[in-house]
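# Descriptive structure summary
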Amino acid sequence: PAEHGAHDGHDHSEHLHADPDALRTRVAVSAALTLPLLFVSMISSLQFDYWQWISLPVSLIVVLWGGWPIHTATWKNIKHGTLTMDTLVTVGTFSALAYSTYNLFFGMAGHVGMTMEFELIPSREASSMHVYFETAAVVTTLIMLGRWFEARATRRAAIEALMKLGAKEATLLGEDDHEHQVAVQELQPGDRIVVRPGEKIATDGVVESGESSVDMSMLTGESAPVDVRPGDDVTGATLNTSGRLVVLATRVGRDTALAQ
């Protein structure tokens, strides 16, 4: 299915599955380099000798390293003959880099002491003195910032949806074999809980008595129920499909497989 999706050009959603922590590092480093580059490029009084030459390697780091996930996605799409927003970002940022680098080496932008005044529409004479390294860096940083926010939101939504799969209450079996309902949050390791057919197992534990089949598709994706008997481990949020089980709780709260 993944290969089929790539051929259909659907890998534009790859960034939804990116690691937010890795993206955060790229965004933080890119922003730290982009902000001073932006100020120097936009405010002529801050432009020192050779500022434009220093802007070249700084923008290359941001665009090539900071925007690496964008460019790899672009390359994958091109190999499969598709164009996405990643392609647009790559073309735009690389064009800004190429134009600026050309002006730096072959135009007037490389002269020592060159200052670049802000102009809404540069004249033809001034265009050879303009560099747009900050544009490529800013676009890359903003796009990656958006990807980071999106990845965080996606992971948070996935975690919230997963936690809703767990049981809210459990049937606690007392020492006198008296059954009573308690909230899952009140369970402690060593508690004995009763799980009837059609109920979710409230927490991780070991089957103390009873035999049944447990639907573990929530964890494994396997639709076929697994037979369990005394001594077998069971996992919280999985579904007891047939017989009555008494489960000895071993892990509760944040220690359960579902929480992990």
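Provided above is the structure to which this section pertains.
Residues numbered from 1 in each chain as written. Predicted model: local features only at pLDDT ≥ 70, side-chain atom pairs only at ≥ 80, totals over all residues. Heavy atoms only, no water.

## Topic: the overall build of the protein
The helix and strand inventory of the protein stands at eight helices and nine strands. Counting every position in the protein, which comprises 260 residues, the buried fraction comes to 37%. Taking all contacts inside the protein whose residues are at least 6 apart in sequence as the whole, residues at least 24 apart take part in 65%. Here the protein displays about 14,800 Å² of accessible surface, and carbon together with sulfur accounts for 62% of that area. (Helix = DSSP H or I, 4+ residues; strand = E, 2+ residues; numbered from the N terminus. Buried < 20%, exposed > 50% of the residue type's maximum accessible area, 1.4 Å probe, protein only. Contact = heavy atoms within 4.5 Å. Areas by Shrake-Rupley, 256 points an atom, 1.4 Å probe, with all protein chains shown as cover.)

## Structural notes on the nonpolar core
In terms of nonpolar packing, the biggest core is built from 19 residues, with Leu187, Ile193, Ala202 and Leu245 touching the most fellow members. Of all elements in the fold, only strand E1 (169-173), strand E3 (192-195) and strand E9 (245-251) reach the threshold of two or more residues within this core. Sorting elements by how many residues they give to this core places E9 first, with three residues. Apart from the residues within four sequence positions on either side, Ala202 is in contact with Ala167, Glu169, Ala170, Val184, Leu187, Ile193 and Gly236. (Core = buried A, V, L, I, M, F, W, Y, C linked by side-chain atoms within 4.5 Å.)

## A closer look at the environment of Leu165
By the element assignment, Leu165 lies in the loop between helix H7 (133-163) and E1. The class of Leu165 is partly exposed, set by a relative accessible area of 32%. For the pair formed by Leu165 and Gly236, sequence separation is 71 residues and the distance between their alpha carbons is 9.5 Å. Apart from the residues within four sequence positions on either side, Leu165 is in contact with Lys200, Met218 and Ala237.

## With respect to the side chain of Thr140
If you trace the backbone, Thr140 turns up in helix H7. Other than its neighbours up to four places away in sequence, Thr140 contacts Val62, Val63, Gly66, Gly67 and Thr93.

## Overview of helix H4 (residues 68-79)
Given a rise of 1.5 Å per residue, twelve residues ought to cover 16 Å, and the 17 Å separating the end C-alpha atoms of H4 matches this to within 8%. Buried residues belonging to H4 abut helix H3 (51-66), helix H5 (85-106) and H7. Within two residues after H4, Gly81 carries a phi angle of roughly 70 degrees, on the positive side. (Expected span 1.5 Å × (residues − 1).)

## Things to note about unusual backbone geometry
Working note: non-glycine residues mostly have negative phi, and peptide bonds are mostly trans. Phi angles above zero are rare outside glycine, and Tyr50 is one such case at about 70 degrees. Within the secondary structure, Tyr50 is located in the loop between helix H2 (20-42) and H3. For Ala237, which is not glycine, the phi dihedral falls at a positive 80 degrees. Assignment of secondary structure puts Ala237 in the loop between strand E7 (233-234) and strand E8 (239-240).

## Thoughts on the environment of Gln52
Along the chain, the position of Gln52 falls in helix H3. Distance in space between the C-alpha atoms of Gln52 and Val112 is 9.0 Å, their sequence separation being 60 residues. Here Gln52 is in contact with Leu104, Ala109, Gly110, His111, Met114 and Phe133, once residues within four sequence places are set aside. A polar contact is formed between the side chain of Gln52 and the backbone oxygen of His111, at a distance of 2.9 Å. (Polar contact = N/O pair within 3.5 Å; in protein donor to acceptor, adjacent residues only side chain to side chain.)

## Observations regarding the side chain of Thr171
Inspection of the secondary structure assignment puts Thr171 in strand E1. The exposure class of Thr171 is buried, given its relative accessible area of 6%. Here Thr171 is in contact with Glu179, His180, Gln181, Arg192, Ile193, Val194 and Arg196, once residues within four sequence places are set aside.

## Overview of the packing of aromatic side chains
For the coordinates displayed, the defined rule picks out four aromatic pairs. Ring centres of Tyr102 and Phe106 lie 5.3 Å apart, and the angle between their planes is 40 degrees; this geometry places the pair in the tilted category. With Tyr102 and Phe106 both in helix H5 and four residues apart, the pair spans about one turn of that helix. In this structure, Arg152 packs its charged tip against the face of Trp148, placed 5.0 Å from the ring centre. (Phe/Tyr/Trp six-rings, centres within 6.5 Å; stacked < 30°, edge-to-face > 60°. Lys NZ or Arg CZ within 6 Å of the ring centre and 35° of its normal.)

## Some remarks on the sheet that holds E1
The strand order across the open sheet formed by six strands is E2-E1-E3-E9-E4-E7, and the pairing between neighbours is antiparallel. Of all strands in the sheet, those bounded by a partner on one side alone are strand E2 (179-183) and E7. Sheet topology places E3 next to E9; four bridges connect them, and they run antiparallel. By the bridge assignment for E9, Arg192 is matched with Leu248. (Pairing = 2+ DSSP bridges.)

## Concerning H2
In an α-helix, one full turn covers 3.6 residues, which means residues spaced three or four apart are oriented alike. When the terminal C-alpha atoms of H2 are compared, their 31 Å separation across 23 residues agrees well with the 33 Å that a helix rising 1.5 Å per residue should span. Along H2, the residues classified as buried are Pro20, Leu23, Arg26, Val27, Ser30, Thr34, Leu37, Val40 and Ser41. Buried residues along H2 sit against H3, H4 and H7. N-capping of H2 is provided by Asp19, with a side-chain oxygen placed 3.2 Å from the backbone N of Asp21.

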